[in-house]
Amino acid sequence: MAIFWNSSGKAYELEDTPLSAGGEGNIFVVRSEPNRAAKIYHAVNAALEKKITLMTKRPPSSSITNQLAWPLDVLRDQSGQFRGFVMRRLNVTNELQELYKYPPMEFEGVTLGHKLVIAENICSVISGVHRAGYVFGDFNPMNIGVNLNDGTVAFFDTDTYHIRDPYSNETYRCNVAYPGYAAPELIAACKRYKRANPSEKDVYAKMPLPTFTEQTDNFALAIHIFKLLMNGYSPYNGIDSNLTVSQASPGIGDAAVERDNYCFKPGLKPQSAATPPLETLPKAIQDLFTRAFVGGRTSPGLRPSADEWRAALEQYENALTQCPVNANHQYYKLNNTCPWCEARRRYEYEMSLVTGTSNVAGGGFSNTISVPPAAGSSNYTAPSAAAGSYSGAVQPLTVWQKPEVFWTITLILSAVVAGLCMFIGGYTIFGSTGLGNDLMNGIGAFFDTAAPYLMFAGGLCGTIFYNVKFASRNKNRYTAQNYALAVLSGIGAVLATVVATFVLAFLVYIFIVVLIVGIIIGALSGG
């Protein structure tokens, strides 16, 4: 049993057996606080101590810290020597990279809707960390966990982040980048430094600053989002569009990025037949990928931020429809066919050419629905981004929150209410003995006939105006209040139409009277 203390003298008693072991240190559960864990380093130095201390004093927004293994307290041994830190113990079921496998096999039940929520969560965390003034640096998918029961994510190894102290201007570097996630300008800078310093091994630790930036983070973020949306394949799996798979290779890791083998760049095509066409995505998502991998290659500032991605991903989630063939498939509703079924057929055909069989060897696909705990769950949540970018918890859409359901129900209810007003109120107020006939005879008859229909149209217009102008502010996640206000807006519009009709009838009456008086005066004056 090991005991460590924070600067205030609070003791943390750790379990004897580490939860996990790594090259830098071991992770232990805090015995008295099982929802906390402690990282105890094998070796420490003054720079590491200052970095961890800074992180404890300047954490990101509390809205995302439940998905970050962020240092909460500095730990010291009995002699006062810095040894590690306490962090939140995060609950995960899998590593993010496991969702990048194709065929999905045991993860076939993780739908596109689930992946979109996971991607939104990743964006929320990145946005919050950036707003706090930090840079991730290394986007190793093995350092990102997911909980398939609720769609939350967990970012580990936060002590490796690239951090600049705003008080001392000292930079605590991230010293590694997982192959395939390093931005092209970072790869080029590393190669230049390596050519000038061939004996140097710790390139990221020694090369001139700046190294990692928010723009390099945005590049790696786009890689992860692409993999989540495109069957787990890298955007840099492109080969010459005139060559076959057996004739060309995009390269792996940083080599593919350096060669600029973005698979949807003109002249290239995805190496894997299981990569869906770019056109199967919403136009907004297509444009963000183009900015990230085409325009952003030479102008890193063009790469979409985490907030931009999240807004587009949320819209995509709202626009999903269910595949009629495979219950695990959801896709963008403007597609005529399911792109995942098409990708599966292309993949099986491609594999049949390799294996000489008509099906995927090893049973990569299952005709039965293999659903992990998350797939049938309504517990998926995407927490709000930090610093007010998003307010409130964002949950996957229920039936009543879906835009098409909201619009259909509110318009039907509005039509019913407006119809009742039309038949009960309209014909009573503007009937044959109504004000219109009394005032204007023939002109009044026109209002008597038209007014009830104007009331009906006004009710519908009131509901439509509310839905477009106000309800959409909920980012299409409609509430019971939105339903009620949509119908009340229709009723209000009906009443406004009645008032407007009376006013219009009165103005027409005044106009006719003035016209007749004018004609009489003109006639009497000899005009």
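Residues numbered from 1 in each chain as written. Predicted model: local features only at pLDDT ≥ 70, side-chain atom pairs only at ≥ 80, totals over all residues. Heavy atoms only, no water.

S.K.: Lay out the packing of aromatic side chains in plain terms, naming residues and giving numbers.
M.R.: This model, assessed by the stated rule, comprises 23 aromatic pairs. On the numbers, 5.6 Å between centres and 80° between planes, the contact of tyrosine 236 with phenylalanine 293 is edge-to-face. Placement of tyrosine 236 in the loop between α5 (214-229) and β13 (238-240) and of phenylalanine 293 in helix α7 (residues 283-298) is noted, with a sequence separation of 57 residues between them. An identical accessibility class is assigned to tyrosine 236 and phenylalanine 293; each is buried. The rings of Phe219, Phe226, Tyr236, Tyr262, Phe264, Phe289, Phe293 and Trp309 are connected pair by pair, giving a single aromatic cluster. (Phe/Tyr/Trp six-rings, centres within 6.5 Å; stacked < 30°, edge-to-face > 60°. Helix = DSSP H or I, 4+ residues; strand = E, 2+ residues; numbered from the N terminus. Buried < 20%, exposed > 50% of the residue type's maximum accessible area, 1.4 Å probe, protein only.)

S.K.: So what about the packing of α5 against α7? Which residues, and what values?
M.R.: Interhelical geometry of α5 versus α7 gives an angle of 140° and a closest axis separation of 10 Å. Here α5 lies oblique to α7, going by the angle between them. The element α5 and its partner α7 pack so that their crossing is left-handed. Contacts between α5 and α7 involve Phe219, Ala222, Ile223, Ile225, Phe226 and Leu229 from the first element and Ile285, Phe289, Ala292 and Phe293 from the second. Of the residues in the contact of α5 with α7, the class split is 10 nonpolar, no polar and no charged. (Axes fitted to C-alpha atoms, helices over the stretch in contact; angles between N-to-C directions. Parallel < 35°, antiparallel > 145°, perpendicular 65-115°, else oblique. Left-handed = near helix turned anticlockwise from the far one by under 90°. Contact = heavy atoms within 4.5 Å. Nonpolar A, V, L, I, M, F, W, Y, C, P; charged D, E, K, R; others polar.)

S.K.: Residue-level account of the side chain of aspartate 73, with values.
M.R.: Positionally, aspartate 73 belongs in strand β6 (residues 71-76). Buried within the structure, aspartate 73 lacks any salt-bridge partner; its nearest side chain of opposite charge belongs to lysine 10, at an N-O separation of 5.8 Å. Engagement of the side chain of aspartate 73 in a polar contact is seen with the side chain of tyrosine 12, the distance being 2.9 Å. When residues no more than four places from it in sequence are discounted, the contact partners of aspartate 73 are Asn6, Tyr12, Thr56, Gly84, Phe85 and Val86. (Lys, Arg positive; Asp, Glu negative; His and termini not counted. Salt bridge = Lys/Arg side-chain N within 4 Å of Asp/Glu carboxyl O. Polar contact = N/O pair within 3.5 Å; in protein donor to acceptor, adjacent residues only side chain to side chain.)

S.K.: Tell me about the pattern of salt bridges, residues and numbers included.
M.R.: Summed over all chains, the structure comprises 20 salt bridges. Where aspartate 16 meets arginine 31, a salt bridge forms, and the shortest distance between an N and an O atom there is 3.8 Å. Here arginine 31 lies in the loop between β4 (25-30) and β5 (33-41) and aspartate 16 lies in the loop between β2 (11-14) and β3 (20-21), a separation of 15 residues in the sequence. You can call aspartate 16 partly exposed: its relative accessible area is 48%. The network of salt bridges with common partners includes Glu13, Glu15, Asp16 and Arg31.

S.K.: Can you lay out the pairing of strand β7 (residues 82-88) for me, pointing to particular residues and giving the numbers?
M.R.: Of all 7 residues in β7, 5 are buried, a share of seventy percent or more. In this antiparallel pair of consecutive strands, β6 and β7, the connection spans 5 residues, and glycine 80 shows a positive phi of 90°. (Pairing = 2+ DSSP bridges.)

S.K.: How would you explain empty space enclosed by the protein if you had to name every residue and give the values?
M.R.: Scanning the entire structure with this criterion turns up 4 cavities of 30 Å³ or more. Within this model, the largest cavity holds a volume of roughly 300 Å³. Of all the elements in the fold, those that place two or more residues in the lining of the largest cavity are α2 (112-131), α5 and α9 (339-355). Its residues placed into classes, the lining of the largest cavity shows 10 nonpolar, 6 polar and 5 charged. The space that makes up the second largest cavity amounts to roughly 60 Å³. (1 Å grid on protein atoms, 1.4 Å probe; cavity = no way out; pocket = protein on both sides within 12 Å on 5 of 7 lines; lining within 4 Å. Points joined across faces, edges and corners; volume = space filled by probe spheres on them.)

S.K.: Give a description of the packing of α5 against helix α8 (residues 306-318) that names residues and reports values.
M.R.: The description of two packed helices rests on the angle between their axes and on the distance between the axes. Packing of α5 against α8 leaves a shortest axis separation of 11 Å and a crossing angle of 15°. With respect to α8, the element α5 is oriented roughly parallel. In this structure, α5 meets α8 at a crossing whose hand is right-handed. In this structure, α5 uses Asn218, Leu221, Ala222, Ile225 and Leu229 to contact α8, whose residues at the interface are Ala306, Trp309, Leu313 and Tyr316. Per-class residue counts for the contact of α5 with α8 are 8 nonpolar, 1 polar and no charged.

S.K.: Which residues make up a nonpolar patch on the surface, and what are the values?
M.R.: On the surface, Val499, Val503, Phe506, Leu507, Tyr509, Ile510, Val513, Val514, Val517 and Ile521 cluster together into a nonpolar patch covering about 850 Å² of accessible area. Position of phenylalanine 506 relative to the elements: it lies in helix α13 (residues 480-524). Judged by its relative accessible area of 47%, phenylalanine 506 is partly exposed. (Patch = residues over 30% accessible without salt bridge, like charges linked within 9 Å, V, L, I, M, F, W, Y side chains within 5 Å. Areas by Shrake-Rupley, 256 points an atom, 1.4 Å probe, with all protein chains shown as cover.)

S.K.: Quick one: what's the story with the layout of surface pockets, residue by residue and with numbers?
M.R.: Estimated volume of the largest pocket: approximately 570 Å³. Taken together, 23 residues form the lining of the largest pocket, with Ser20, Ile27, Met87, Phe156 and Asp157 sitting closest to its centre. Mapped by element, the contributors of at least two residues to the lining of the largest pocket are β3, β4, β5 and β7. The biggest single contributor to the lining of the largest pocket is β7, with 3 residues. When the residues that make up the lining of the largest pocket are grouped by side-chain class, the tally is 10 nonpolar, 7 polar and 6 charged.

S.K.: Give me the confidence of the model for the chain: which residues, what numbers.
M.R.: Summing up the model confidence of the chain, the mean pLDDT is 85 and the portion of residues at 70 or higher is 85%. For the chain, the element scoring lowest by mean pLDDT is helix α11 (residues 435-440), at 44; α5 scores highest, at 98. For residues 358-378, every residue scores under 50 in pLDDT, and the model assigns this stretch 42 contacts once sequence neighbours within four places are set aside. Note on residues 383-396: pLDDT is under 50 here. Beyond four places in sequence and across chains, it has 49 contacts. (pLDDT = per-residue confidence, 0-100.)

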